[in-house]
Amino acid sequence: MDGQYKIWRLDLGGAPTQVTTGPGAESNPVVSPDGTTLAYVDGTNVMTAPLAGGAPAVVAPGTAPAWLPDGSALVYQNAARQLVVGTTQVTNDEDIFPFPVRFQADGRFLYTADGKIRTRATAGGDLRDIGFTAELKLRRPTLPGRKTASSTTSGRGRCAGSAPRSCRRMGAASPSSP
């Protein structure tokens with residue numbers, strides 16, 4: 001063992017079997033739709049390997065592989081972090097989130113880039129942004145035994161009413177300090 005991540009296979013009712021044995025950290029496995037080939041990332045390269053055994057092959061430098069629904073090719077991010085379908089780069093100068101694309105029922109794929117959720121035709125054209133908004137409400141926790149500036153009425157700051165020792169511990173001057 002080289003201390004790197006490897007990809008393992010577990011058949012129901014069987015024992016785990018190591019699938020990859022390359023020299024680097026192997027990750028992001030995805031099995032082809034017909035179940036015969038594994039695509040994965042080995043270090044900085046997208047690789048494929050027959051699941052029945054055999055030598056792995058380098059597809060190209062990149063990451064985040066996904067199979068086309070018909071299994072004819074991969075979609076992955078190349079070294080420039082742009083999307084490639086098969087051997088054709090289909091995006092240019094997009095800030096693409098480093099996750100595999102997901103295919104929709106109509107054959108288009110879904111991905112995130114430039115802070116947006118996008119879809120695109122497999123051939124690369126017909127780019128569409130999916131509009132959405134999100135709101136995140138945060139609730140500050142109330143810590144027991146600790147007074148906040150909003151809970152004091154003396155107007156002497158966040159340590160008002162606290163013991164001098166606790167004010168020093170929080171990095172503030174004690175109420176008796178000038």
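See above for the structure.
How each quantity is defined
- Residues numbered from 1 in each chain as written.
- Predicted model: local features only at pLDDT ≥ 70, side-chain atom pairs only at ≥ 80, totals over all residues.
- Heavy atoms only, no water.
- Pairing = 2+ DSSP bridges.
- Helix = DSSP H or I, 4+ residues; strand = E, 2+ residues; numbered from the N terminus.
- Buried < 20%, exposed > 50% of the residue type's maximum accessible area, 1.4 Å probe, protein only.
- Core = buried A, V, L, I, M, F, W, Y, C linked by side-chain atoms within 4.5 Å.
- Contact = heavy atoms within 4.5 Å.

S.K.: Tell me about the sheet that holds strand β7 (residues 74-78), and please be specific about residues and values.
M.R.: With antiparallel pairing, seven strands are arranged side by side in an open sheet as β3-β4-β5-β6-β7-β8-β9. For this open sheet the edge positions go to β3 (26-31) and β9 (88-89), each flanked by a neighbour on one side alone. Bridge count between strand β8 (residues 83-85) and β9: two bridges; the pairing is antiparallel. Note on β9: the bridge partner recorded for V84 is Q89.

S.K.: Run through unusual backbone geometry, naming residues and quoting values.
M.R.: If you check the backbone angles, R81 has positive phi at about 60° while not being a glycine. One non-glycine residue, D93, lies in the positive phi region at around 55°. By the element assignment, D93 lies in the loop between β9 and β10 (102-103).

S.K.: Tell me about the pairing of strand β11 (residues 109-113), residues and numbers included.
M.R.: On a regular strand, one side chain projects to one face of the sheet and the next to the other, so that they alternate. The alternating pattern of β11 places F109, Y111 and A113 on a buried face, while none of L110 and T112, on the opposite face, is buried. In this sheet, β11 lies alongside β10 in antiparallel orientation, the contact comprising two bridges. By the bridge assignment for β11, R102 is matched with L110. Examined bridge by bridge, β11 and strand β12 (residues 116-120) share five bridges and lie antiparallel to one another. In the strand pairing of β12, F109 is matched with R120. Adjacent in sequence and paired antiparallel, β11 and β12 are bridged by two residues, among which D114 carries a positive phi angle near 55°.

S.K.: Run through the nonpolar core, naming residues and quoting values.
M.R.: Counting residues in each nonpolar core, the largest one holds 12 residues, listed as A66, L68, A73, V75, L83, V85, V90, I96, V101, F109, Y111 and A113. Secondary-structure elements contributing two or more residues to this core are β8 and β11. Take this core: its biggest share by element is three residues, from β11. In this view, A73 contacts A66, W67, L68 and G86; residues no more than four positions away in its chain are not counted.

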